[in-house]
Amino acid sequence: MKKVIISVAALVFLASSFLALSYFNKSDVEGTITITVIDEIGDIVSSKEFDFTSEDTLFDLLDQNFEVGCANSSYQLSSECEKILFTSRVLMKIDDVETDWINSYIAIYKNNEYSLLGIDNIVLNDGDVFVFEYKTVGGDN
Amino acid sequence: MDTKKMMMISLSIAILFTQEQLLVFLPNVQLTVLLIIVFVSVYSFKESIILITGYVLLDSLYMGGLNPFYLVPMMLAWYLIPISYHTIMRRTTNEVKLALFAFVFGFVYGWMFIPFRMMQLGINELWPYLVADIPFEIIMATTGLLTVLWIYKPLYNLMNEVVITKNLVATKSYK
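Below, the structure is looked at part by part.

Reading guide: rules and limits
- Residues numbered from 1 in each chain as written.
- Chains lettered and ligands numbered in written order.
- Predicted model: local features only at pLDDT ≥ 70, side-chain atom pairs only at ≥ 80, totals over all residues.
- Heavy atoms only, no water.
- Helix = DSSP H or I, 4+ residues; strand = E, 2+ residues; numbered from the N terminus.
- Buried < 20%, exposed > 50% of the residue type's maximum accessible area, 1.4 Å probe, protein only.
- Contact = heavy atoms within 4.5 Å.
- Areas by Shrake-Rupley, 256 points an atom, 1.4 Å probe, with all protein chains shown as cover.
- Buried area = accessible area lost by both parts, 1.4 Å probe.
- Salt bridge = Lys/Arg side-chain N within 4 Å of Asp/Glu carboxyl O.
- Core = buried A, V, L, I, M, F, W, Y, C linked by side-chain atoms within 4.5 Å.

**Quick word on the overall build of chain A**
- Counting its secondary structure elements, chain A contains two helices and nine strands.
- Moving toward the C terminus, one meets the helices and strands of chain A in the order α-β-β-α-β-β-β-β-β-β-β.
- Considering only C-alpha atoms, chain A reaches an extent of 60 × 35 × 30 Å along its principal axes.
- Looking at the 141 residues of chain A, the share that counts as buried comes to 39%.
- The contacts in chain A between residues at least 6 apart in sequence include a share of 51% that link residues at least 24 apart.
- Only carbon and sulfur atoms are counted for the fraction: they give 51% of the accessible area of chain A, which is about 8,100 Å².

Right, dumping it as structure tokens:
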């Protein structure tokens, strides 16, 4: 009986935690965001505005407008960017900006702040500016 | 250490590694916490350390080319299980106590990576990373708690039987 109670409590804790997290992570219904892509030498490769609705995610907008690549389960670059259960895809390529995960990665900045959330967990708000920048592992922020 | 024990530790590492790769598509959902707690309960402290070292080296080699930013925190975090088991847990086999330990360990495991990831990515602020990591820690903690609560005892009994039987066979054949 004790084990059943503990198990139920654990499952309630799990479910309520995710409900609370999703409640605080809600996107705006519609708006416009700016996406900028910066390559390894610091040049702006692209900087455009995109309209979004409640159906869109940041990844959707990137996928529709750029050639993107994601990490597979072994952190190798793959063109198949399938949604991952519970967590976020790892972006490794946007057009010609390509990273290898070990030595380089794509940093995401939301409104000039380094994002610690993966691309699937970032919420969209009207007027947001996203910068996707090539970074060397261990390099300055 | 006798040859049979070495064989058992090698097979334990193989089981740990295989189940982790099989469940790699579900982030932080794995049986590693459960299995390491079972192995630590059956093996001595020294044998447990050898097992964890072998497992972490193999896992890091396969997943990240022995990247020190993964290898070191992973090694330190998994070492906490035998250290805690032989000290604060007082070698208990009570599945409720061990399940609660597995729950706490889910969070501690995540925290162990934070300073190393901050160094690797050049992040200076702690709390945003801490917050971002919470969902993964919750998944690992809950998985650890449930699996240890329900599967620890049967696995422990089975492993214990294997070890005792092997010891008996070895003793009899020696005599």
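**Structural notes on the interface of chain B and chain A**
- Contacts between the two partners involve 30 residues from chain B, matched on the other side by 27 residues from chain A.
- Here chain B and chain A share an interface that buries about 2,500 Å² over both sides, 76% of which is from carbon and sulfur atoms.
- Counting the surface chain B buries against chain A, the share from its top three residues, L121, I138 and W150 of chain B, is 18%.
- Across the chain B-chain A interface, the total number found is one salt bridge.
- A salt bridge links K3 of chain A to E95 of chain B, with the shortest nitrogen-to-oxygen separation between them at 3.5 Å.

**Quick look at the pattern of salt bridges**
All names here are of chain B.
- Taken as a whole and assessed by the stated rule, the structure comprises five salt bridges over all chains.
- For K5, the salt bridge goes to E47, with nearest N and O atoms at 3.3 Å. Here K5 is found in helix α1 (residues 3-22), whereas its partner E47 is found in helix α3 (residues 45-64), with 42 residues between them in sequence.
- We classify E47 as buried; its relative accessible area is 11%.

**Here's the deal with the nonpolar core**
- Counting residues in each nonpolar core, the largest one holds 45 residues, and the members touching the most others are I37, W78 and Y152 of chain B.
- Where this core is concerned, the elements lending two or more residues are α1 (2-24) of chain A together with α1, α2 (32-42), α3, α4 (68-86), α5 (95-121) and α6 (127-174) of chain B.
- The element contributing the most residues to this core is α2 of chain B, with nine residues.
- Not counting chain neighbours up to four residues away, the residues in contact with W78 of chain B comprise T32, V33, I36, I52, Y55, V56, F105, Y109 and M140 of chain B.
- Core analysis: the next-biggest nonpolar cluster, separate from the first, contains 23 residues, L58, F59, I119 and I122 of chain A among them.

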